[in-house]
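# A look at the structure
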Amino acid sequence: ARASGAAAVYAADPVGFRRTAAEALGAEPVEPEAAAGLGVDLATECSGAGAALALCCRALGPGGVLVVVGMGAEAPSLPLIDLQTREVEIRPVFRYAHTYPAALALAASGRAPVERLITQRLPLERVEEGFELSRVAAAGTIKVMIDPRA
C-alpha cells in the first residue's frame, strides 16, 4: 500500500505475530477491536473471514472504498444500510483479474518486500502439508511457498 502512495497503513489481524510481521513491513499494528472508527479511505479484506469483513466495514470513513478479495466458505453479511449512509463503495475482486502485471512489476522493483512474507518453503511432495499450514494459520505461518524444484 505504501508503494502505491498510502500515507498510513494499518494491520488489524487477530493473530498477534501477523500484526508484528506487518509492523516489520511498515504497517501500524492495530488490535481488531480498535480498528472501528479509524476512518480509513480504503480497507482491503483478503482472508474471506466474516469477522474480518465486518472489521473493514467499521474501519472505513465516509466515502471510503471496501475491497473484498477473500472468499470464505459462506456468503458474507454486510451492514448495508450503514455502508449506504456513509456512501461506501464496494469493489469485489475475483481471481485478481488484470492485477498480475502490476504486482509482478512491484515485486521486481523491490518496493514491496514479498520475500519477507514467505515463512515456509516446501517441496511439491509436501503440498498437502503446506495447504494445512495455511488453513489453520499455524504459529509463524504467513505464506507457504510450494517449490516444485526443491
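Preceding this section is the structure that the text describes.
Residues numbered from 1 in each chain as written. Predicted model: local features only at pLDDT ≥ 70, side-chain atom pairs only at ≥ 80, totals over all residues. Heavy atoms only, no water.

## Considerations on the side chain of Arg86
Mapped onto the elements of the fold, Arg86 is located in the loop between α3 (80-85) and β5 (89-92). Look at Arg86 and you get buried, because its relative accessible area is 17%. Looking at Arg86, its side chain comes within polar contact range of the side chain of Asp82, at 2.8 Å. The residues contacting Arg86, other than those within four sequence positions of it, are Cys57, Leu60, Gly61, Pro62 and Gly63. (Helix = DSSP H or I, 4+ residues; strand = E, 2+ residues; numbered from the N terminus. Buried < 20%, exposed > 50% of the residue type's maximum accessible area, 1.4 Å probe, protein only. Polar contact = N/O pair within 3.5 Å; in protein donor to acceptor, adjacent residues only side chain to side chain. Contact = heavy atoms within 4.5 Å.)

## What to know about unusual backbone geometry
Even without being glycine, Glu87 reaches a positive phi, approximately 50°. With respect to the element layout, Glu87 can be found in the loop between α3 and β5. On the basis of relative accessible area, Glu87 is assigned to the exposed category, the value being 64%.

## Remarks on the sheet that holds β5
Spatial strand order, β3-β4-β5: 3 strands in an open sheet with parallel pairing. Each edge of the open sheet carries a strand with a single partner, namely β3 (40-45) and β5. Strand-to-strand twist in this sheet, taken as the mean axis angle between neighbours without regard to direction, amounts to 15°. Relative to strand β4 (residues 60-68), β3 runs parallel, the two sharing 5 bridges. Its bridge partner lying in β4, Leu42 is registered against Val65. Where helix α2 (residues 50-59) meets the sheet, it contacts β3 and β4, and its direction lies at approximately 150° from that of β4. (Pairing = 2+ DSSP bridges. Axes fitted to C-alpha atoms, helices over the stretch in contact; angles between N-to-C directions.)

## Comments concerning the pattern of salt bridges
Once their charged atoms are close, side chains differing in charge can pair, the charge on each being opposite to the other. Scanning the entire structure with this criterion turns up 7 salt bridges. Close ionic contact of Asp82 with Arg86 constitutes a salt bridge, the shortest N to O distance being 2.8 Å. For Arg126, the salt bridge goes to Glu129, with nearest N and O atoms at 2.8 Å. Overall, the relative accessible area of 36% leaves Arg126 in the partly exposed class. Since its relative accessible area comes to 36%, Glu129 is described here as partly exposed. (Salt bridge = Lys/Arg side-chain N within 4 Å of Asp/Glu carboxyl O.)

Function cannot be read off these values alone, since they describe shape.
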